[in-house]
Each structure stands twice: as structure tokens, then as C-alpha cells.
Amino acid sequence: MSDVDVEPKTASPDDAPPAVAAEPAAPWWRERLPHLLLGALLLVMSWFTVAQGRFHGRTYDEYMQDDYGARVLKFYLSGTTDRSFLDFPDYLYMPQHGAGFELIVAFFQHLTGEIWNTRTIVNGLFGVLGMLITALAARELAGRGRLGAWAGLAAAVGLALYPRYTGQMMNNSKDIPLAVAMVLVLWLVLRLMRRWRQPDRRFEVLELAGVGAAIGFAGSIRVNALLWFGLLAFVSLGFWVRHGHKLRGRELRTELTNQFTAMLAIGTTAYLVMSVFWPFLLTNPVDGLLSSVESMAKYDWDNEILFGGEMVRSTQLPWYYAPWWLVIGSPLPVVALTVAGAVAAVVGLVRRQRLDGRMLLVGAYILLPLALIIGAHSTLYNSLRQFLFVAPGMIVLAAVLLVRWARESFDSGRTALAWALIGAAVLGQGEALYASARIYPYEYSYFSPLAGGYTTARHDYESTYYGSCTRAAAVWLGENYQRYTADTAPTFRDEHQWNSLAEVDLPDNFVSVGDGQPFFRITTKEPGPGYREIHAVVVEGEPVCRVSVMDLAPVS
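Since the structure is predicted, the reported quantities are computational estimates derived from the model, not experimental observations.

**Details of the sheet that holds strand β6 (residues 531–539)**
Phase 1 of the analysis: Strand order in this open sheet of five strands is β4-β3-β5-β7-β6, and the pairing throughout is mixed. Where the open sheet ends on each side, the last strands, each with one partner, are β4 (511–512) and β6.
Phase 2 of the analysis: Pairing of β6 with strand β7 (residues 542–550), which is carried by eight bridges, proceeds in the antiparallel orientation. Within β7, the residue paired with H535 across the bridge is V547.
Phase 3 of the analysis: Strand contacts of helix α19 (residues 470–480): β3 (491–494), β5 (520–523), β6 and β7, with the helix running at about 35° to β7, the strand carrying the most contacts.

**Observations concerning the packing of helix α7 (residues 175–195) against helix α9 (residues 228–243)**
Each pair of packed helices can be described by the angle between their axes along with the distance between the axes.
Phase 1 of the analysis: Relative to each other, α7 and α9 sit at 20°, their axes nearing to 12 Å. Compared by their axis directions, α7 and α9 come out roughly parallel. Considering how the two elements wind past one another, α7 and α9 form a crossing that is right-handed. Note on element contacts: α9 touches α7 through W228, L232 and V235, opposite M182, V185, L186, V189 and M193.
Phase 2 of the analysis: Per-class residue counts for the contact of α7 with α9 are eight nonpolar, no polar and no charged.

**Things to note about the state of the cysteines**
Defined simply, a disulfide is a covalent bond joining two cysteines at their sulfur atoms.
Phase 1 of the analysis: Under the defined criterion, the tally for this structure stands at one disulfide.
Phase 2 of the analysis: Each sulfur in the disulfide pair C469 and C545 lies 2.1 Å from the other. Judged by the torsion about the S-S bond (65°), the C469/C545 disulfide is right-handed. Within this pair, whereas C469 is found in the loop between α18 (453–457) and α19, its partner C545 is found in strand β7, the two being separated by 76 residues in sequence.
Phase 3 of the analysis: A residue is classified by how much of its surface remains accessible, and C469, at 3% relative accessible area, is buried.

**Side note on the confidence of the model for the chain**
Phase 1 of the analysis: Residues of the chain with pLDDT of at least 70 account for 94%, and the chain-wide mean is 89.
Phase 2 of the analysis: This model gives residues 1–14 a pLDDT under 50, and the stretch forms two contacts once residues within four places in sequence are excluded.

**A few points about the environment of H535**
Phase 1 of the analysis: Turning to its location among the elements, H535 is positioned in strand β6.
Phase 2 of the analysis: Taking the relative accessible area as the measure of exposure, H535 reaches 21% and is therefore partly exposed.
Phase 3 of the analysis: A distance of 3.5 Å separates the side chain of H535 from the side chain of W476, its partner in a polar contact.

**Considerations on the packing of helix α2 (residues 62–77) against helix α3 (residues 100–112)**
Phase 1 of the analysis: Between α2 and α3, the least distance of the axes is 8 Å, while the angle of their chain directions is 75°. Overall, the two elements α2 and α3 adopt an arrangement that is roughly perpendicular. Mapping the contact onto sequence places Q65, D66, G69, A70, V72, L73, Y76 and L77 in α2 and E102, L103, A106, F107, Q109 and H110 in α3.
Phase 2 of the analysis: In terms of residue class, the contact of α2 with α3 is built from eight nonpolar, four polar and two charged.

**Brief notes about the side chain of S468**
Phase 1 of the analysis: Tracing the backbone shows S468 in the loop between α18 and α19.
Phase 2 of the analysis: Relative accessible area serves as the criterion here: at 2%, S468 is assigned to the buried category.
Phase 3 of the analysis: With residues up to four places along the chain from it excluded, the contact list for S468 reads H56, G57, R58, N171, Y442, Y444 and Q497.

**Quick notes on the pairing of β5**
Phase 1 of the analysis: The side-chain alternation of β5 yields two buried faces, one formed by F520 and I522 and the other by R521 and T523.
Phase 2 of the analysis: Looking at chain direction, β5 and β7 are connected through four bridges and run antiparallel. By the bridge assignment for β7, T523 is matched with R546.

Calculation criteria
Residues numbered from 1 in each chain as written. Predicted model: local features only at pLDDT ≥ 70, side-chain atom pairs only at ≥ 80, totals over all residues. Heavy atoms only, no water. Pairing = 2+ DSSP bridges. Helix = DSSP H or I, 4+ residues; strand = E, 2+ residues; numbered from the N terminus. Contact = heavy atoms within 4.5 Å. Axes fitted to C-alpha atoms, helices over the stretch in contact; angles between N-to-C directions. Parallel < 35°, antiparallel > 145°, perpendicular 65-115°, else oblique. Left-handed = near helix turned anticlockwise from the far one by under 90°. Nonpolar A, V, L, I, M, F, W, Y, C, P; charged D, E, K, R; others polar. Disulfide = S-S within 2.5 Å. Buried < 20%, exposed > 50% of the residue type's maximum accessible area, 1.4 Å probe, protein only. pLDDT = per-residue confidence, 0-100. Polar contact = N/O pair within 3.5 Å; in protein donor to acceptor, adjacent residues only side chain to side chain.

Here you go:
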């Protein structure tokens with residue numbers, strides 16, 4: 001009571017204040033639309049995989065990778081007695097290559113009893129799964145509300161419209177699965193960072209085991225996934241820089257124990273999962289992992305590749321090879337927003353602003369692999385495929401920055417700037433879609449307008465290096481060979497890939513020839529004396545696969 005006593009008055013219904021009308025519920029689309037659009041995108045990309053995957057052909061790597069996976073599956077089906085997966089020529093280093101995803105493909109082939117279509121669909125759907133995981137990583141980074149939902153959608157769209165990802169997700173069983181596994185680890189670590197100091201944190205052991213299992217699976221595909229332990233050390237260092245000075249006594253000991261236990265759980269689980277998916281480690285428990293790291297770090301492939309308009313040996317590439325490929329091989333919005341994020345981080349550091357640790361992790365995810373490649377002078381070839389896993393990190397960062405900056409612009413009344421950001425991103429991704437359509441189904445050869453697009457850049461850089469045009473050449477030959485011969489068993493040789501890959505798309509009566517003079521040939525360059533060209537697979541005016549026939553054949 002106050003110092004003036006007032007007799008309490010009983011309130012009557014008539015004296016009650018007027019009821020305040022409840023605020024109208026937000027339109028349904030504000031909450032659900034990004035999720036519905038994401039679901040629609042994943043359905044469309046799944047359909048695209050099943051309906052269009054076969055048109056993307058097969059790469060020259062697939063025959064050997066498929067054989068490797070089948071042998072690894074035999075190792076388990078035989079109770080570990082069949083060790084033929086170790087019997088590849090030494091110069092191939094096949095056992096040192098991770099078998100993780102090849103084992104999954106071989107398992108589904110074992111279930112279906114069919115090889116190449118199963119392989120295409122499993123590869124492609126795993127790539128679609130990567131779009132979902134990328135969306136989850138962006139949502140985790142941006143926040144779990146409406147902003148996060150739109151960031152997730154933007155990231156998934158960005159990966160779906162990243163031509164060098166989508167264009168090879170049906171036939172690249174190394175680099176696409178690695179990209180998916182790496183972004184899975186990124187999502188789980190971002191989630192772990194958010195939950196680390198929550199007092200009501202549940203399922204801690206399972207969470208740590210999940211991170212370790214994801215790292216182990218990624219490492220079983222390519223051993224360079226183990227760089228995640230360096231990134232986790234970076235996360236730990238950041239924690240101590242930011243919070244270490246506040247910890248004393250029991251709290252300090254608890255934190256040290258928690259982090260040591262976490263690294264032990266993650267490391268142990270990672271090695272166990274990696275060993276299960278990659279039995280080379282089971283058969284070589286002492287030096288298997290070290291042998292793989294050494295052979296992959298300095299891979300024995302010393303050939304010339306086209307880079308910057310010159311033929312350069314793969315062991316003597318300029319230091320900027322990897323970052324430059326990410327610039328010219330990525331759509332403009334991804335590059336522009338990634339660079340803008342780096343500039344914003346530098347400005348924040350100069351101004352001594354507190355930076356988001358999780359954003360710094362994504363930045364380290366992008367920069368650390370490039371730094372290791374440059375520092376180790378790694379053997380590289382085939383554009384950006386060996387560090388393609390960096391691209392989803394760039395897309396996650398770009399999507400989150402786009403959505404955040406657009407939201408801040410709307411909230412501050414700078415509507416024109418917000419729509420300009422969104423419009424520029426849409427136009428940039430539209431360019432990537434249009435350019436991909438022009439070179440379909442060889443989208444993996446996309447070049448940014450910064451390099452002049454495919455038409456110009458193909459003369460200065462590796463373009464259709466994967467040889468997947470063999471399928472289109474073989475299909476045409478199978479439909480038209482009777483115009484040139486009445487032989488019921490015509491001979492052929494695929495000099496662009498492996499005969500066994502072309503056989504899949506040729507009628508069963510064709511006979512493959514390794515040596516000698518076949519009646520038909522599939523080549524990259526002009527066939528030379530004794531043969532004449534009868535068909536060419538053309539991309540933007542450039543023949544990429546040629547079909548030729550012996551000169552003695554009748555003219556159609």
C-alpha cells in the first residue's frame with residue numbers, strides 16, 4: 001500500500017477494460033512457404049535424377065570405381081576372405097582410395113541385380129540428399145526461425161543451380177559424395193557449437209558420435225576429409241580465446257574434461273566408421289591410413305593439362321590454381337557473396353567487432369583446404385573436382401549473408417537495396433541455369449561470365465574432361481550403324497573411354513576390339529588415315545566425341 005490509504009473497490013463486469021483484439025495470425029506462407037518450396041525442389045531434383053540421369057553418361061573413372069566397389073562388397077560377403085580389392089596395379093593406388101561410397105553403390109547393385117542404371121540413380125539421389133543437408137546447414141547458421149528457413153531454401157537452390165555439382169552428381173562417385181559428407185559434418189558441427197554450453201543439452205554422446213561417424217564416412221571416401229580435425233582444433237582454439245579467461249577452478253577442469261572427452265569420442269568413432277567402409281584400413285591397421293595420406297597428398301599423376309591458355313604439368317601448377325577455379329567455375333552470386341563475406345570479416349576484425357564464431361568456422365571450412373593445397377603443392381587436374389567439397393561451404397555462407405543482409409535492409413527501410421540484392425542473386429543464378437541449358441548434359445563444364453562462359457573458356461581451360469559424351473556417341477552408333485554395314489557383328493573400339501562402358505549403350509551384337517582395326521571407332525580427335533567421320537557430339541559448336549567408320553564402308 002502507498003502512504004495514502006484507499007478503500008479497495010470491487011470491480012464489476014461493467015467496469016472491466018475493453019478487450020484488446022488479438023493480433024491477426026501471420027499469413028501461412030510466411031512460415032510454411034520456404035519449407036514447401038524446399039520440398040518441391042527436392043522432388044524436382046529427384047525426378048531429374050531418375051528421368052535424366054542416363055543422358056549424363058558415364059565417366060572414364062566409373063568402370064574402375066565400380067569394379068573396386070564390387071570387390072570391396074565381396075570382401076564382406078565372403079566373410080573377409082576375398083581380398084581381391086587389394087589386387088589392383090600398384091600405380092593406380094586403388095586400395096589407398098577410400099571405398100566408402102563405392103561400397104554403398106555395390107550394395108544397391110547387389111539388391112537390384114543391375115549395374116549402371118542403379119549406379120546412376122544412387123549417385124544422383126545422394127547428390128539430392130546433399131541439397132537437403134546444405135539447406136539444414138544454412139538454416140542452422142542463420143537461425144531456426146523464418147530467416148533460417150529462407151536461408152536453407154536459398155542454399156538448396158544455390159547447390160541445385162551449381163552446374164559443376166548437379167552436372168556430375170549422377171556419375172561422379174568420389175567428389176560428389178565427398179561434398180555431401182563434408183557438408184553433413186559442417187551441419188553437425190554448427191549444431192554442436194550452438195548446443196555446447198546449453199545446460200539442458202541432451203543426447204550428448206550420440207551427438208559427438210554422429211560428428212565422428214560423419215567424419216569417418218567422409219574420410220572413407222577421400223582421406224583429405226580428415227582436415228576436419230584441424231577445423232575442430234580451430235573451433236576449440238576459438239572457444240578458449242573467447243571464454244577461457246573467464247573459467248576458473250572446477251569450471252575450468254570441467255571444460256577441459258568435456259573437450260578432451262569430445263575429441264576422444266569423435267576421433268574413435270571416426271576411425272571405426274572409416275575402417276568399416278574402407279577395409280584397406282582393416283587389412284593394414286598399422287600403416288594403412290598413413291600410406292593413404294602420403295599417396296593422396298602427392299598423387300603420382302604427372303601429365304599436362306590446359307590452364308590459362310597453356311599446357312601445364314599437373315605437378316607444376318601455379319599456386320592460385322584452386323582458388324581461381326572456384327572463381328571461374330562458380331556462379332557469380334556465390335563468388336560475389338563469398339568475397340563480400342570475407343571483406344566484412346576483415347572490416348570487423350579491424351574495428352575489433354565480435355564476430356560470429358560459427359560464421360568463422362564456415363570461412364575456415366572454405367579457406368583451410370585451399371591453404372593446404374597451396375602449401376603442399378598438391379597434384380591437381382580436372383578443374384575443381386578434387387576440392388569441389390568447398391563449394392557447398394561457399395553456398396551456405398552466400399545464402400546466409402544474402403538473407404541476413406536483405407532482412408536488415410528491409411528492417412532499416414532500405415527496401416530498394418534489399419530488392420537489389422535479391423534481384424542480383426536471382427539474375428546471377430538465372431545466368432548459371434541458362435548457361436547450363438546451353439551445354440546440357442555436360443553442365444559440369446560450366447564457366448562463369450568472368451572467364452567468358454563456355455564458348456570462350458573452353459579454349460583456355462579443361463572443359464569436357466570426363467569423357468561422358470561417349471554415351472551419346474554410342475547411342476547414335478547403335479541407331480545408325482546399319483546404314484554403313486550389313487555385318488551382324490560389327491566391331492568397334494571406344495578410344496575415348498573404356499570399351500565396356502560404351503557396350504552398355506550399344507546393341508548386344510557389337511564386338512569390342514582392343515587392338516587392330518575395328519570397323520567403327522569413337523574418338524575425341526579426328527580419326528586419322530583409313531577412317532572417315534560420320535557423326536560428332538557437339539557442344540556449343542565444338543565436337544567433343546566423334547564416330548568414324550572405315551573408309552571402305554559405303555557412304556550413307
